[in-house]
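Tertiary structure, described
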Amino acid sequence: MKRLGLVIMFAFPLALLASGFALAADDSKVKAATEQVERGAKKIPDGKIGEGVGETAKGIGNTVTEGAKYSGEKLKEAGKAAEPPARTAWGDTKDGAVSFGHSVKGFLANLFSK
């Protein structure tokens with residue numbers, strides 16, 4: 001149990017640190033599409049109704065499209081962050097040997113402590 005606590009104590013900060021270095025999804029296209037909606041909406045009060053409505057409609061479509069792409073990228077990043085780290089055969093063997101050694105040590109300690 002003590003070993004698990006140590007692993008958690010060291011693994012958790014490393015996981016937080018590694019997540020900060022992950023490449024972030026680019027939201028510049030979403031922002032540009034949102035600005036297109038704003039530009040179109042600002043043209044309507046200026047008397048350019050047809051042009052403003054057209055640009056606003058295109059901006060809404062672009063915002064929805066780019067927003068969906070951005071959300072997909074963020075979900076993919078989250079999925080990768082949640083994957084367990086790959087383990088090698090040597091790592092598994094080493095952990096098994098260490099665990100076996102602790103079991104033998106505990107058995108012998110209990111056997112001779114009585």
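Residues numbered from 1 in each chain as written. Predicted model: local features only at pLDDT ≥ 70, side-chain atom pairs only at ≥ 80, totals over all residues. Heavy atoms only, no water.

**Structural notes on the environment of Tyr-70**
- Take Tyr-70: it is sitting in helix 3 (residues 49–82).
- The exposure class of Tyr-70 is partly exposed, given its relative accessible area of 24%.
- Taking C-alpha positions, Tyr-70 is 9.6 Å from Ser-28, a pair spaced 42 residues apart along the chain. (Helix = DSSP H or I, 4+ residues; strand = E, 2+ residues; numbered from the N terminus. Buried < 20%, exposed > 50% of the residue type's maximum accessible area, 1.4 Å probe, protein only.)

**So, the packing of helix 2 (residues 28–43) against helix 3**
- Closest axis-to-axis distance for the helix 2/helix 3 pair is 7 Å, and the angle between their directions is 165°. One element, helix 2, and the other, helix 3, form an angle in the roughly antiparallel class. Like other packed secondary-structure pairs, helix 2 and helix 3 cross with a definite hand, here left-handed. Residues Lys-29, Val-30, Ala-33, Thr-34, Gln-36, Val-37, Arg-39, Gly-40, Ala-41 and Lys-43 of helix 2 pack against Glu-51, Gly-52, Glu-55, Thr-56, Lys-58, Gly-59, Ile-60, Asn-62, Thr-63, Glu-66, Gly-67 and Tyr-70 of helix 3. (Axes fitted to C-alpha atoms, helices over the stretch in contact; angles between N-to-C directions. Parallel < 35°, antiparallel > 145°, perpendicular 65-115°, else oblique. Left-handed = near helix turned anticlockwise from the far one by under 90°. Contact = heavy atoms within 4.5 Å.)

**Some words on the pattern of salt bridges**
- Throughout the structure, instances matching the rule amount to six salt bridges.
- When the shortest N-O distance is used, the salt bridge between Lys-31 and Asp-27 registers 3.7 Å.
- Residue classification places Asp-27 among the partly exposed positions, given a relative accessible area of 28%.
- Linked by salt bridges that have partners in common, Arg-39, Lys-43, Glu-51 and Glu-55 make up one network. (Salt bridge = Lys/Arg side-chain N within 4 Å of Asp/Glu carboxyl O.)

**Here we look at the side chain of Glu-55**
- Tracing the backbone through its elements, the reader meets Glu-55 in helix 3.
- Judged by relative accessible area, which is 14%, Glu-55 ranks as buried.
- Only 3.1 Å separates the side chain of Glu-55 from the side chain of Arg-39, close enough to count as a polar contact.
- Apart from residues lying up to four places away in sequence, Glu-55 is in contact with Gln-36, Arg-39, Gly-40 and Lys-43. (Polar contact = N/O pair within 3.5 Å; in protein donor to acceptor, adjacent residues only side chain to side chain.)

**Re the side chain of Thr-56**
- With respect to the helices, strands and loops of the structure, Thr-56 is situated in helix 3.
- Since its relative accessible area comes to 15%, Thr-56 is described here as buried.
- Leaving out residues up to four positions away in the same chain, Thr-56 has contacts with Val-37, Gly-40, Ala-41 and Ile-44.

**What to know about a nonpolar patch on the surface**
- The grouping of Phe-100, Val-104, Phe-107, Leu-108, Leu-111 and Phe-112 at the surface amounts to a nonpolar patch, some 650 Å² of accessible area in total.
- Mapped onto the elements of the fold, Phe-112 is located in helix 4 (residues 89–112). (Patch = residues over 30% accessible without salt bridge, like charges linked within 9 Å, V, L, I, M, F, W, Y side chains within 5 Å. Areas by Shrake-Rupley, 256 points an atom, 1.4 Å probe, with all protein chains shown as cover.)

**Side note on helix 3**
- An ideal rise of 1.5 Å per residue puts 50 Å on 34 residues; helix 3 measures up with 48 Å between its terminal C-alpha atoms.
- Three or more residues of helix 3 are buried, namely Gly-52, Glu-55, Thr-56, Gly-59 and Glu-66.
- Buried residues belonging to helix 3 abut helix 2. (Expected span 1.5 Å × (residues − 1).)

**What to know about the confidence of the model for the protein chain**
- On average, residues of the protein chain score 75 in pLDDT, and 75% of them reach the 70 mark or higher.
- Here helix 1 (residues 2–20) stands out as the element of the protein chain with the lowest mean pLDDT, 47, in contrast to helix 2, whose mean of 87 is the highest.
- Long-range and interchain partners of residues 14–23, a stretch whose pLDDT sits below 50, account for one contact in this model, where long-range means more than four residues apart. (pLDDT = per-residue confidence, 0-100.)

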